[in-house]
Amino acid sequence: MVPRVRLPPEIQLAQRLAGNEQVTRDRAVRKLRKYIVARTQQAAGGFTHDELLKVWKGLFYCMWMQDKPLLQEELGRTISQLIHAFQTTEAQHLFLQTFWQTMNREWTGIDRLRLDKFFMLMRMVLNESLKALKTQGWEERHMEQLLALLTTEILHPDSEAPNGVKSHFIEIFLEELAKVGADELTADQNFKFIEPFCRIAAQTKDSLVLHNITRGIFETIVEQAPFAIEDLMNEMGAEDMSEGDEDLGEPDEKPPRGSLQGAEADVGEEQAGDDEDSAGTVLQFDYEAVANRLFEVASHQDTPSPNRKRLYKVIRKLQDLAEGIFPEEDIPENAYRKLQEGRRGRKTRKRLPKCRRQSKTGRGGQEDLHADLSSGSRRTRPGLTTDPTAPQEQPGGCGRRGARKRRRRPLAGARAKVVLQTGLSPQHRVWEGTHSEVCPPARPAHHPASPEARAQAHQAQGIQP
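Residues numbered from 1 in each chain as written. Predicted model: local features only at pLDDT ≥ 70, side-chain atom pairs only at ≥ 80, totals over all residues. Heavy atoms only, no water.

Student: Tell me what's going on with the pattern of salt bridges, and back it up with residues and numbers.
Tutor: Within the structure shown, the criterion is met by 16 salt bridges. Between Arg-39 and Glu-51 there is a salt bridge, with its nearest N and O atoms 2.9 Å apart. You can see Arg-39 sitting in helix H2 (residues 22-40) and its partner Glu-51 sitting in helix H3 (residues 49-65), a full 12 residues away along the chain. A single burial state applies to Arg-39 and to Glu-51, both of which are buried. A salt bridge links Arg-199 to Glu-195, with the nearest nitrogen and oxygen atoms 3.2 Å apart. Pair noted here: Arg-199 and Glu-195 are both in helix H9 (residues 187-203), with a separation of four residues, about one helical turn. Overall, the relative accessible area of 29% leaves Arg-199 in the partly exposed class. The exposure class of Glu-195 is buried, given its relative accessible area of 18%. (Salt bridge = Lys/Arg side-chain N within 4 Å of Asp/Glu carboxyl O. Helix = DSSP H or I, 4+ residues; strand = E, 2+ residues; numbered from the N terminus. Buried < 20%, exposed > 50% of the residue type's maximum accessible area, 1.4 Å probe, protein only.)

Below you can see the structure in the form of structure tokens.
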């Protein structure tokens, strides 16, 4: 009987991480953390590149098998925090490198229903990598190593990163950097973080990467400039207040919470908390330094023409910010309210029916609503004159052209007498009524019954009585 071959511990953990049962996967994650801590503490220990690739393949399918958003978030946080189990910076960077290589390799096989949780995993891993850099005191050497790793695996044109990975990384980079180090990083340190993006934006021949870097990095800096200046002014004001308190002496006790001053203080704290949650802390930048660096790389001879044009537009905005000119100034509150009221008024007029918006005038040019309602007349169409003597088109109904008015034939009792005038042929009759018109030839008329009319008819025909 052939003895069973014992698999390496990395492969065993990877198989359990990709198991069908959630209990098995959770146990494998806990054992993996202990195994990483135990192995990295050894003097000759440490992981190789291939071993970490096997580990990350198991972690990838562990995330693949996880359902329910809250459990996915918890698992993503647990996986991303494995970076802190490594004892050395080189091991941490190797762990990050194998993660991004795994994402690049497996990205095309992810279906659209699982994209969100892997987007979240990428965000959490980037956040924890920046936190690891923060625990090391933002040392310049470690910062350069991390940026070189991210540039090589994701941003560089020769990297195997798909467009989805590149676009998402560029989109979340400044957000996660602001969450981790906005309170500690200086403008010079922030400039070092975005310096690789300047080089890639000038060198890349991919229009999508150029657009994402311009929109996600540089234009985001321009849009956040008012908030960054506001935060800087608040910090300077807080320092001045603290110096003033030290000079005057701080009060021993705070006002009681039930008093008026205590209530005002509580309201102020709540408003400050709401402001922090809504706006958030943004990164500080030296806009002139960023503009100069972009101009240096964009004016290079090897820079493609589309890249140069796009970067020059950003450079102008940054130069304006360096001079204190904002690209878009805020609308004053009063003007904004008037603008909103005007828009609401236009929307209300559009919703009203046409009969309410148009003024109905009478014969004398004055409104005569009661007469209009009593007569049952239809609403007038725009463009018709109100002058009763002027010829108007007779409306035929709502939403159609006016039909021609049919001539009403006079009733039998209201017919006027036919008078045959001298000099006219007997075929022409004249109606004496409200409307006088010459009727077309008709049947021969019978002689009137009255003697006077008969005498006139005979006289017209030349007949002697």
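Next comes the rest of the description.
Student: An account of the nonpolar core is requested, with residue identities and associated values reported.
Tutor: Ranked by size, the top nonpolar core spans 86 residues in total, and within it Phe-169, Phe-173 and Phe-193 carry the most contacts. No other element matches the nine residues that helix H8 (residues 163-181) contributes to this core. If we skip the residues at most four places from it in the chain, Phe-193 touches Leu-130, Leu-133, Trp-138, Met-143, Leu-147, Phe-173, Leu-177 and Leu-185. (Core = buried A, V, L, I, M, F, W, Y, C linked by side-chain atoms within 4.5 Å. Contact = heavy atoms within 4.5 Å.)

Student: Pulling in residues and values, what's your account of empty space enclosed by the protein?
Tutor: Counted according to the given criterion, the structure contains two cavities of 30 Å³ or more. Of the voids in this model, the largest cavity is the one considered here, and its volume is about 60 Å³. Considering the residues around the largest cavity, the lining is formed by Ile-83, Gln-92, His-93, Leu-96, Ser-129, Ala-132, Leu-133, Gln-136, His-142 and Leu-146. Among the secondary structure elements, those contributing two or more residues to the lining of the largest cavity are helix H5 (89-106), helix H6 (115-135) and helix H7 (140-155). When the residues that make up the lining of the largest cavity are grouped by side-chain class, the tally is five nonpolar, five polar and no charged. Of the pockets and cavities examined, the second largest cavity occupies roughly 30 Å³. (1 Å grid on protein atoms, 1.4 Å probe; cavity = no way out; pocket = protein on both sides within 12 Å on 5 of 7 lines; lining within 4 Å. Points joined across faces, edges and corners; volume = space filled by probe spheres on them. Nonpolar A, V, L, I, M, F, W, Y, C, P; charged D, E, K, R; others polar.)

Student: Describe H8, naming the residues involved and giving the relevant values.
Tutor: Between the first and last C-alpha of H8 there are 27 Å, a value that for 19 residues agrees with the 27 Å anticipated at 1.5 Å per step. Maximum bend of H8: about 35°, positioned at Ile-172. (Expected span 1.5 Å × (residues − 1). Bend = angle between axes of the 7 residues up to and from the residue.)

Student: Could you give me a rundown of the packing of H9 against helix H13 (residues 287-298), with the residues and numbers involved?
Tutor: The interhelical angle for the contact between H9 and H13, taken along N-to-C directions, is 25°, at an axis separation of 9 Å. With respect to H13, the element H9 is oriented roughly parallel. As H9 packs across H13, the resulting crossing turns out to be right-handed. Across the interface between the two elements, Phe-191, Ile-194, Glu-195, Cys-198, Arg-199 and Ala-202 from H9 touch Ala-289, Val-290, Arg-293, Leu-294 and Val-297 from H13. Split by residue class, the contact of H9 with H13 holds eight nonpolar, no polar and three charged. (Axes fitted to C-alpha atoms, helices over the stretch in contact; angles between N-to-C directions. Parallel < 35°, antiparallel > 145°, perpendicular 65-115°, else oblique. Left-handed = near helix turned anticlockwise from the far one by under 90°.)

Student: Run through a positive patch on the surface, naming residues and quoting values.
Tutor: The grouping of Arg-16, Arg-27, Arg-30, Lys-31 and Lys-34 at the surface amounts to a positive patch. Ranked by residue count, the leading element in the positive patch is H2, at four residues. Along the chain, the position of Arg-27 falls in helix H2. (Patch = residues over 30% accessible without salt bridge, like charges linked within 9 Å, V, L, I, M, F, W, Y side chains within 5 Å. Areas by Shrake-Rupley, 256 points an atom, 1.4 Å probe, with all protein chains shown as cover. Lys, Arg positive; Asp, Glu negative; His and termini not counted. Charge placed at Lys NZ, Arg CZ, Asp CG, Glu CD.)

Student: A description of unusual backbone geometry should follow, citing residues and the corresponding values.
Tutor: Phi angles above zero are rare outside glycine, and Lys-68 is one such case at about 70°. With respect to the element layout, Lys-68 can be found in the loop between H3 and helix H4 (69-80). Phi angles above zero are rare outside glycine, and Trp-138 is one such case at about 55°. Inspection of the secondary structure assignment puts Trp-138 in the loop between H6 and H7.

Student: Residue-level account of a negative patch on the surface, with values.
Tutor: Judged by side-chain charge, Asp-188, Asp-286, Glu-288, Asp-320 and Glu-323 come together as a negatively charged surface patch. Taking the relative accessible area as the measure of exposure, Glu-288 reaches 49% and is therefore partly exposed.

Student: Any chance you could break down H9 for me, citing the residues and the numbers?
Tutor: Taking 1.5 Å per residue, 17 residues should reach 24 Å; H9 reaches 25 Å between its end C-alpha atoms and fits that length. Where H9 bends most, the angle comes to about 40°, and this point is Ile-194, followed within four residues by the proline Pro-196. Of the surrounding elements, those touching the buried residues of H9 are H6, H7, H8, helix H10 (207-223), H13 and helix H14 (305-322).

Student: So, the environment of Val-180: which residues are in play, and what are the values?
Tutor: Locating Val-180 in the fold gives a position in helix H8. Residues Val-180 and Lys-131, spaced 49 residues apart in sequence, show a C-alpha to C-alpha distance of 6.4 Å. Beyond its immediate stretch of four places on either side in the chain, Val-180 contacts Asn-127, Leu-130, Lys-131, Lys-134 and Trp-138.

Student: Could you give an account of the packing of H6 against H7, naming the residues involved and the relevant values?
Tutor: The contact between H6 and H7 brings their axes to 10 Å, and the two run at 160°. One way to sum up the angle between H6 and H7 is to call them roughly antiparallel. Considering the relative orientation of H6 and H7, their crossing is right-handed. Listed contacts from H7 to Leu-126, Ser-129, Leu-130 and Leu-133 of H6 are His-142, Met-143, Leu-146 and Leu-150.

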